[in-house]
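Examination of the molecular architecture
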Amino acid sequence: MEITSLTVLVDILDAGNLSQAARNLKMTRANVSYHLSQLEKSVGVQLVRRTTRRVEPTEVGLRLYQHGRAIQNEMRAARETIATLGQGLQGRVGLSVPSGYGQMVMSDWLIDFKRLYPGIVLDVRFENRVDDLIRDEVDIAIRVMPEPPPTLVARDMGAVRYTACASREYAQAHGLPTGLEALRTAPLITAGVVGRQLRLRAYQGTQREEVTLEPTLISEHFPFLRQGILAGLGVGLVPDYVVQDAVASGEVLTTLDEWRLSIFGTQMFMLYMPDRHQTRAVRTCIEYLLGRALPAGTSPAPTPAPLPCPAAP
């Protein structure tokens, strides 16, 4: 069994088809097909099944994929060790962070990290997409969600609390909602999802309530929502970090504080692939961000991930 053919199998399954694997490897499709056929001959069984759109591993193919991925990771680690001998920490870290939390909370963390490790290239994307979170250019994704995807390693970065709030001027002119039902008719300022009805979930002890919302100002950009709240345009339903300084100064007042509110989830997660090689730069960034997000001594263990499987195309 040739190691080259084994690692080509990994690239085929990651790419989803032979043509894309050939482009990624800068090889001809015929050459990629040759490596696959030689590997299948050497083990004596079929390793992939071809469908109209992609290739999928057989049971033996999946096991060889896992061994091939481990070999690739070890080779990358060896190359990194050689390349960085006698040098400071170097490398690239691709980060995907939520637009609001990333800008309003994590920006200072990332700038501090860059000062500590000037040799690391940070490629930071401010986005809220939840499909295909971990792509080739993204090593770490930070997201608020009810539960993390089962195919990824998830590190808990703490709870996210939504708050119902309004500017002092708005509260004096119109009052604040005193019950969940009042949110149905209030001019709401919050984030939304295209094509999906927005629902607020509220928890108090064992009690759970759900309210359908009809916001009048909607955006994924939380700094803009903050401006709308401060301008007195209505009642905001936003994560507490969006307005915490204005609440502390008395410029913004909160209501329904006895309820734990949630729209998109109550937990912040750090997500990364279970089988992708992590450089020293990526590992350092992971631990640094967890250290900033969580109090000392409370860093949780990673959520167990399933056996590695080929990525979606």
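Residues numbered from 1 in each chain as written. Predicted model: local features only at pLDDT ≥ 70, side-chain atom pairs only at ≥ 80, totals over all residues. Heavy atoms only, no water.

Let's talk about helix 3 (residues 29-43)
When the terminal C-alpha atoms of helix 3 are compared, their 22 Å separation across 15 residues agrees well with the 21 Å that a helix rising 1.5 Å per residue should span. For helix 3, every residue scored as buried is listed here: Val32, His35, Leu36, Leu39 and Glu40. Considered in projection along helix 3, the buried side chains sweep an arc of 130° and stay on one side of the axis. Facing away from the buried surface of helix 3 by more than 90 degrees, the exposed residues are Ala30 and Lys41. Buried residues along helix 3 sit against helix 1 (3-15), helix 2 (18-25) and strand 1 (48-50). One or two residues past the end of helix 3 sits Gly44, with phi positive at roughly 80°. (Helix = DSSP H or I, 4+ residues; strand = E, 2+ residues; numbered from the N terminus. Expected span 1.5 Å × (residues − 1). Buried < 20%, exposed > 50% of the residue type's maximum accessible area, 1.4 Å probe, protein only. Arc of directions from axis to C-beta. Contact = heavy atoms within 4.5 Å.)

Side note on the packing of helix 1 against helix 3
The contact between helix 1 and helix 3 brings their axes to 9 Å, and the two run at 115°. When the axes of helix 1 and helix 3 are compared, the crossing they make is left-handed. Of helix 3, the residues touching helix 1 (which contributes Thr4, Ser5, Leu6, Val8, Leu9 and Ile12) are Val32, His35, Leu36 and Leu39. Tallied by class, the residues present in the contact of helix 1 with helix 3 amount to 7 nonpolar, 3 polar and no charged. (Axes fitted to C-alpha atoms, helices over the stretch in contact; angles between N-to-C directions. Left-handed = near helix turned anticlockwise from the far one by under 90°. Nonpolar A, V, L, I, M, F, W, Y, C, P; charged D, E, K, R; others polar.)

As for the sheet that holds strand 15 (residues 267-272)
By way of backbone hydrogen bonds, the strands of a sheet pair with one another, either parallel or antiparallel. With mixed pairing, 5 strands are arranged side by side in an open sheet as 4-3-5-15-6. Here the strands that pair on one side only, and so sit at the sheet edges, are strand 4 (120-126) and strand 6 (153-159). The mean inter-strand angle of the sheet, taken between neighbouring strand axes irrespective of direction, is 20°. As paired elements, strand 6 and strand 15 share 5 bridges and run antiparallel to each other. Note on strand 15: the bridge partner recorded for Ala159 is Gln267. Sheet strands touched by helix 5 (residues 99-116): strand 3 (91-97), strand 4, strand 5 (140-145), strand 6 and strand 15. Its angle to strand 4, the strand with the most contacts, is close to 175°. Contacting strand 3, strand 4, strand 5, strand 6 and strand 15, helix 9 (residues 280-293) crosses the sheet at an angle of about 40° to strand 3. (Pairing = 2+ DSSP bridges.)

A word on the side chain of Ser219
One can find Ser219 in the loop between strand 11 (217-218) and helix 7 (222-230). A polar atom in the side chain of Ser219 sits 2.9 Å from the backbone nitrogen of His221. The residues touching Ser219, leaving out its near neighbours within four places in the chain, are Thr190, Ala191, Gly192, Phe224 and Leu225. (Polar contact = N/O pair within 3.5 Å; in protein donor to acceptor, adjacent residues only side chain to side chain.)

Quick notes on helix 5
With 18 residues, helix 5 should reach 26 Å at 1.5 Å per residue; the first-to-last C-alpha distance of 24 Å fits that figure. Of all the bends in helix 5, the greatest, near 60°, is centred on Met106. (Bend = angle between axes of the 7 residues up to and from the residue.)

Considering unusual backbone geometry
What is expected of a backbone is that most residues other than glycine have negative phi and most peptide bonds are trans. Even without a glycine there, the phi angle at Lys26 is positive, about 55°. With respect to the helices, strands and loops of the structure, Lys26 is situated in the loop between helix 2 and helix 3. The phi angle at Leu256 is positive, at roughly 55°, despite the residue not being glycine. Looking at the secondary structure, you find Leu256 in the loop between strand 13 (252-255) and strand 14 (260-262).

Overview of the pattern of salt bridges
Side chains that carry opposite charge are capable of pairing whenever their charged atoms lie near each other. For the coordinates displayed, the defined rule picks out 11 salt bridges. In this structure, the salt-bridge partner of Glu287 is Arg155, at a minimum N-O distance of 3.7 Å. Taken together, the positions of Glu287 in helix 9 and Arg155 in strand 6 put the pair 132 residues apart, joining distant regions of the chain. A relative accessible area of 45% places Glu287 in the partly exposed class. The exposure class of Arg155 is buried, given its relative accessible area of 8%. One salt-bridge network, held together by shared partners, links Arg92, Asp123, Arg125 and Asp139. (Salt bridge = Lys/Arg side-chain N within 4 Å of Asp/Glu carboxyl O.)

A word on the packing of aromatic side chains
Considering all chains together, one arrives at 4 aromatic pairs under this definition. Aromatic pair Tyr101 and Trp109: ring centres 6.1 Å apart, planes at 90°, arrangement edge-to-face. Of the two residues, Tyr101 and Trp109, both sit in the buried class. Centroid distance Phe113 to Tyr288: 5.2 Å. Interplanar angle 55°. Geometry classified as tilted. Taken as a pair, Phe113 in helix 5 and Tyr288 in helix 9 lie far apart in primary sequence, 175 residues in all. By the burial criterion, Phe113 is buried, and Tyr288 matches it. Among the aromatic residues, those joined into a ring-pair cluster are Tyr101, Trp109 and Tyr241. (Phe/Tyr/Trp six-rings, centres within 6.5 Å; stacked < 30°, edge-to-face > 60°.)

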